[in-house]
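Structural overview
Chain residues, written in single-letter form:
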Amino acid sequence: MSESSTIGAIADDVTGATDVAIALRRRGIRTVLFFDVPPEGSDLPDHDAIVIALKTRTIDRAGAVARSLAALDWLRARGAGQIYFKYCSTFDSTPDGNIGPVLDALADAMDVPVVAMTPSSPEHGRTQYHGYLFVGDVLLSESHMRHHPLTPMTDSCLPRVMEAQSAHRSGVVPLARVREEGGIARRLAELRAEGVRYALVDAIDDADLTAAGRALAAEPLVAGAAGLAGGLAAARTPADHHEPPASAPEGVAAVLAGSCSARTLEQVGAMIEAGRPAYRLDAQADPDPASLAEKALAWYDTLTPNTEAPLIYSSLEPEALRQVQRALGAERSAAILESAIGRIARGLVERGVTRVISAGGETSGAVVSALGVPGGLIGPEAARGVPWILTTSGLALLLKSGNFGEPALLLEASR
Ligand SMILES: Nc1ncnc2c1ncn2[C@@H]1O[C@H](COP(=O)(O)OP(=O)(O)OP(=O)(O)O)[C@@H](O)[C@H]1O
Ligand SMILES: O=C(O)[C@@H](O)C(=O)CO
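Procedures and definitions
Residues numbered from 1 in each chain as written. Chains lettered and ligands numbered in written order. Predicted model: local features only at pLDDT ≥ 70, side-chain atom pairs only at ≥ 80, totals over all residues. Heavy atoms only, no water. Helix = DSSP H or I, 4+ residues; strand = E, 2+ residues; numbered from the N terminus. Buried < 20%, exposed > 50% of the residue type's maximum accessible area, 1.4 Å probe, protein only. Contact = heavy atoms within 4.5 Å. Pairing = 2+ DSSP bridges. Near = heavy atom within 4 Å. Polar contact = N/O pair within 3.5 Å; in protein donor to acceptor, adjacent residues only side chain to side chain. Areas by Shrake-Rupley, 256 points an atom, 1.4 Å probe, with all protein chains shown as cover. Nonpolar A, V, L, I, M, F, W, Y, C, P; charged D, E, K, R; others polar. Domains from an automatic or database assignment. pLDDT = per-residue confidence, 0-100. Buried area = accessible area lost by both parts, 1.4 Å probe. Salt bridge = Lys/Arg side-chain N within 4 Å of Asp/Glu carboxyl O.

Note on placement: T18 falls in helix α1 (residues 14–25). Given the relative accessible area of 0%, T18 is considered buried. In contact with T18, not counting residues within four places along its chain, are L33, G385, P387, I389 and L399.

Given below as structure tokens:
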């Protein structure tokens, strides 16, 4: 593979896709984003990378594998020489999760013996050491991720989590080997000789990811969070560099929050404290998505014109969330709220909203599929890993990962 050939990224959720897209774009790589595998004949602007946003993180295994293989075929047919499978920097994948099955299928289809990967993304406070994932200064299993509504992470040992999901063995490329000249390539060869398929690469800072990016530049299949994608992009030649756009979009804005992550809760709190109109979706009081959406839109219609951008949210603190999940079931409550938020997004756009800001990967997936937007170009970054997406239909979308952005992000982006 040529080191300047197209990168094709397959992301397991929508906010993850925007995160990996901006990691590439920031380093001068022209990046086109599609929500789901595009239909035949879709326009493909000039690009160096294509990111396909799937919603496969928490769906059934067979569906996740089938969608990922469809994305692989589409990307390879468009000349993608390197495939990057983007998963979450907090892994977001329990022993029943889809990272192992999807990677097993991609590696089989591409005939790749060893896949190097790491969720390390130091810019977001995620680091991998001795194969263990840290969030800030605590292990993943001691972080807020243990309370995640859909993918509670209770094991921080990545090879163990991978082996629970995959038919193949996993090993580690320890930090000392990452920092040794030629150490990554030698360790990958050792793992391959031992019959290990997944090589979890330690990385605790950006220099480690750049070293990994250099060592893996010619690998056909690599996986991880946005950090390693940035490392691969940084290893490309400066001649590839195209400046990203600078100015943030304008227009009528609304914020939708379905993430219950710690940072989103702070951001929702900041909007409420600033006096923004806010409406909470209560699935326990009304478990019918159509009626939940109808009431939220009726509330929106009561706002005076030119009011500051409102917030419609379902985000709850862990204890209150557990109570809803006990009453309705985790999957059912999530499905109700995602369906409601999708309908609300559509209703808001029909009412003239042109900037939709959404918090949470699953939530954002529901928003983009309800809006039916095919994709867009990567615009300016509102926060690290959170770019505006400028869609061909004229909408601007800001799809925020649950834990990303400063506490004032939702407030400021919706001014
Ligand atoms: N009040 C609630 N009760 C039950 N489930 C909820 C509630 N609010 C949100 N959810 C569900 O929790 C899930 C949150 O996942 P989502 O991916 O949107 O956020 P996140 O995991 O914080 O973000 P990311 O994946 O970007 O890190 C969604 O499926 C959402 O519908
Ligand atoms: O890697 C991350 O943390 C994010 O891009 C993400 O995947 C959130 O869903």
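Of all the seven residues making up strand β4 (residues 80–86), six are buried; the element is thus mostly covered by neighbouring parts of the structure. Judged from the six bridges that link them, strand β1 (residues 6–11) and β4 form a sheet pairing that is parallel. Bridge pairing in β4 places G8 opposite I83. Relative to strand β11 (residues 221–224), β4 is paired through four bridges, and the arrangement is parallel. Counterpart to I83 in the pairing with β11 is L221.

In the neighbourhood of ligand 2, the contacting residues comprise D13, T15, G16, D19, R57, K86, Y87, C88, S89, S401 and F404. Here an oxygen atom of ligand 2 sits 3.2 Å away from a polar atom, N or O, in the side chain of T15. A distance of 2.7 Å separates an oxygen atom of ligand 2 from a polar atom in the side chain of D19. For ligand 2, the accessible surface in isolation is 270 Å², of which the surrounding protein chains cover 95%. Broken down by element, the residue count for the shell around ligand 2 peaks at three residues, all from α1.

Right, let's get into the site of ligand 1. As a matter of local geometry, ligand 1 sits amid 24 residues, with H148, S259, S261, E338 and T363 nearest to it. In this structure, an oxygen atom belonging to ligand 1 sits 2.6 Å away from a side-chain N or O atom of S259. Between S314 and ligand 1, the recorded distance is 2.8 Å, taken from a side-chain N or O atom to a nitrogen atom. For ligand 1, the accessible surface in isolation is 640 Å², of which the surrounding protein chains cover 97%. Of all the secondary structure elements, the ones that give two or more residues to the shell around ligand 1 are α11 (318–328), α12 (330–350) and α13 (361–371). Element by element, the count of residues in the shell around ligand 1 is highest for α12, at four residues. Each residue belonging to the shell around ligand 1 can be placed in one class, and the counts come to eight nonpolar, 12 polar and four charged. Looking at which domains feed residues into the shell around ligand 1, each of domain 1 (3–234) and domain 2 (253–413) supplies at least three.

Moving on, we come to the confidence of the model for the protein chain. Reading fine detail from the predicted coordinates is not recommended where pLDDT is low. On average, residues of the protein chain carry a pLDDT of 94, and 97% of them reach 70 or more. Both confidence scores are given for the complex: pTM 0.91, ipTM 0.96.

Right, let's talk about the domain arrangement of the protein chain for a bit. As far as domains go, the protein chain holds domain 1 (3–234) and domain 2 (253–413). Taken over C-alpha atoms, the centre of domain 1 sits 27 Å from the centre of domain 2. Contact residues are listed per partner, giving 27 residues for domain 1 and 35 residues for domain 2. Surface buried jointly by domain 1 and domain 2 totals about 2,400 Å² across both partners, of which 64% is contributed by carbon and sulfur atoms. On the domain 1 side of the contact with domain 2, T15, F35 and K55 bury the most area, a combined 25% of that side's loss. At the surface where domain 1 touches domain 2, the tally comes to four salt bridges. The residue E381 makes a salt bridge to R26 at a minimum N-O spacing of 2.5 Å. On the surface where domain 1 and domain 2 come into contact, there are 12 residue pairs in polar contact (both at pLDDT 80 or more). Of all the secondary structure elements, the ones that give two or more residues to the side of domain 1 that touches domain 2 are α1 and β2 (31–35). Of the residues forming the side of domain 1 that touches domain 2, the biggest block, eight residues, is contributed by α1. Tallied by class, residues from the side of domain 1 that touches domain 2 come to 11 nonpolar, eight polar and eight charged.

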